[in-house]
Every structure is written in C-alpha cells, then in structure tokens.
Amino acid sequence: MADPRPPWWLKPMNKVFMVAQKAGIPIFGKEGPLVLTVIGRTSGKPRSTPITPMYVDGKRYVVGGFPGADWVRNARANPNAVLTQGRRSEQVRMVEMTVEEARPLLYVFPDKVPTGVSFMKNAGLVTEGRPEEFEALAGRCAVFRFDTV
C-alpha cells in the first residue's frame, strides 16, 4: 500500500496557524500545538510546521503524521531544531526513536494526542483509532524525542 499524501489544504492551514501563533493568538489552549523549525536538507533555509507534542514520563515526543514528510526528512538530516509557542522559543535536538522504542509511544498516542487520531484516520493510516493500530505504525511513522539543548 502506498503511503498517504497530505490533504491539499494542510499547507495553507499550517501557514494560517503559524501566523496566529506569531501574533500570540492562543490555539487549542496553553498545551496546544507548537511550531517546529528545522533546517531544509537541500535549501539550507529554516522550514517551519505546526506539531502537537506528547508528553510521556516527563519527556516530549512528536509523531510524524505522514510517512516521508518533509519535516521528518529534514530532522533526520539535521536534528537541531527550534520549538516555538507564541513568542517563546526553545532550542532542541531531535532524537529519532528506533522501531522498538517507538512502539509503546505510538500505543499511547491516541490517548496523549486525541486530535491526532482523526487526522490519522482521515489520512488512511488507521481505521478505528485503537492503540494497537498506532503501535503497528512503528517503522512507518517516525517518532522523535525532543532533548533541550
């Protein structure tokens, strides 16, 4: 089965979200999405995208919602990144989890990031949104841990 492609509206919606974030407009409350900025692997320019981190055992993680997403490939090429929420920014290093490390994190994803369930259902990555379906995405959807620099 071919990997799903992002919907046509995702990039324009991401741009609207990032403008709102920069303006200090709260989106989904205090613990909502952040803007992840990584360096483009071919352009060398900063590339930003909204993400929703999850917190497990005091550590922050993010799941790549689409296999082969540009931000995932950029993070693999250069794991130094910036997380921004409103006007606050933080330097981080992204550490990709192995398939075995990713499995338990993906299993708790539907509970930790409920907004991601419908997103991944719409993408065709899961059908019912059960934890076992997400766990089975290990090796297909990247999972990164954010380490503070």
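This text gives an overview of the structure that appears in the document. Quantities reported herein were computed from a predicted structural model and do not represent experimental measurements. (Residues numbered from 1 in each chain as written. Predicted model: local features only at pLDDT ≥ 70, side-chain atom pairs only at ≥ 80, totals over all residues. Heavy atoms only, no water.)

Here we look at the overall build of the protein
Check the secondary structure of the protein and you find five helices and seven strands. Scanning the protein from its N terminus toward the C terminus, one meets helices and strands in the order α-β-β-β-β-α-β-β-α-α-α-β. The buried share of the protein, taken over its 149 residues, is 44%. Summarising the internal contacts of the protein: among those between residues at least 6 apart in sequence, 64% fall at separations of at least 24. Approximately 8700 Å² of the protein is accessible, and the part contributed by carbon and sulfur atoms is 55%. (Helix = DSSP H or I, 4+ residues; strand = E, 2+ residues; numbered from the N terminus. Buried < 20%, exposed > 50% of the residue type's maximum accessible area, 1.4 Å probe, protein only. Contact = heavy atoms within 4.5 Å. Areas by Shrake-Rupley, 256 points an atom, 1.4 Å probe, with all protein chains shown as cover.)

Some words on the pairing of strand β4 (residues 59-63)
Of all the five residues making up β4, four are buried; the element is thus mostly covered by neighbouring parts of the structure. Between the end of strand β3 (residues 54-56) and the start of β4, which pair antiparallel, lie two residues, with Asp 57 showing a positive phi angle near 50 degrees. Pairing geometry for β4 and strand β7 (residues 143-148), over four bridges, is antiparallel. Bridge assignment links Arg 60 to a residue of β7, and that residue is Phe 146. (Pairing = 2+ DSSP bridges.)

Topic: the sheet that holds β3
Hydrogen bonds between backbone atoms are what pair the strands of a sheet, whose relative direction is either parallel or antiparallel. Taken together, the seven strands give an open sheet; going across it, the order is β2-β1-β5-β6-β7-β4-β3, and neighbouring strands pair in antiparallel fashion. Each edge of the open sheet is held by one strand with a lone partner, namely β2 (46-51) and β3. Neighbour-to-neighbour, the strand axes of the sheet open up by a mean angle of 40 degrees, direction not taken into account. Where helix α3 (residues 99-112) meets the sheet, it contacts β3, β4, β6 (88-96) and β7, and its direction lies at approximately 120 degrees from that of β3. (Axes fitted to C-alpha atoms, helices over the stretch in contact; angles between N-to-C directions.)

Regarding the packing of α3 against helix α4 (residues 114-122)
What describes two packed helices is the angle between their axes and the distance between those same axes. As a packed pair, α3 and α4 sit with axes 5 Å apart at the nearest point and diverge in direction by 105 degrees. Relative to α4, the element α3 lies roughly perpendicular. For the pair α3 and α4, the contacting residues are Phe 109, Pro 110, Asp 111 and Lys 112 in the first and Pro 114, Gly 116, Val 117 and Met 120 in the second. For the contact of α3 with α4, the per-class residue count stands at five nonpolar, one polar and two charged. (Parallel < 35°, antiparallel > 145°, perpendicular 65-115°, else oblique. Nonpolar A, V, L, I, M, F, W, Y, C, P; charged D, E, K, R; others polar.)

A few points about the pattern of salt bridges
All chains considered together, the criterion is met by eight salt bridges. As a salt-bridge pair, Arg 145 and Asp 147 come within 2.7 Å of each other at their nearest N and O atoms. What makes Asp 147 partly exposed here is its relative accessible area of 27%. Connected through salt bridges with shared partners, the residues Arg 41, Asp 70 and Arg 73 form a single ionic network. (Salt bridge = Lys/Arg side-chain N within 4 Å of Asp/Glu carboxyl O.)

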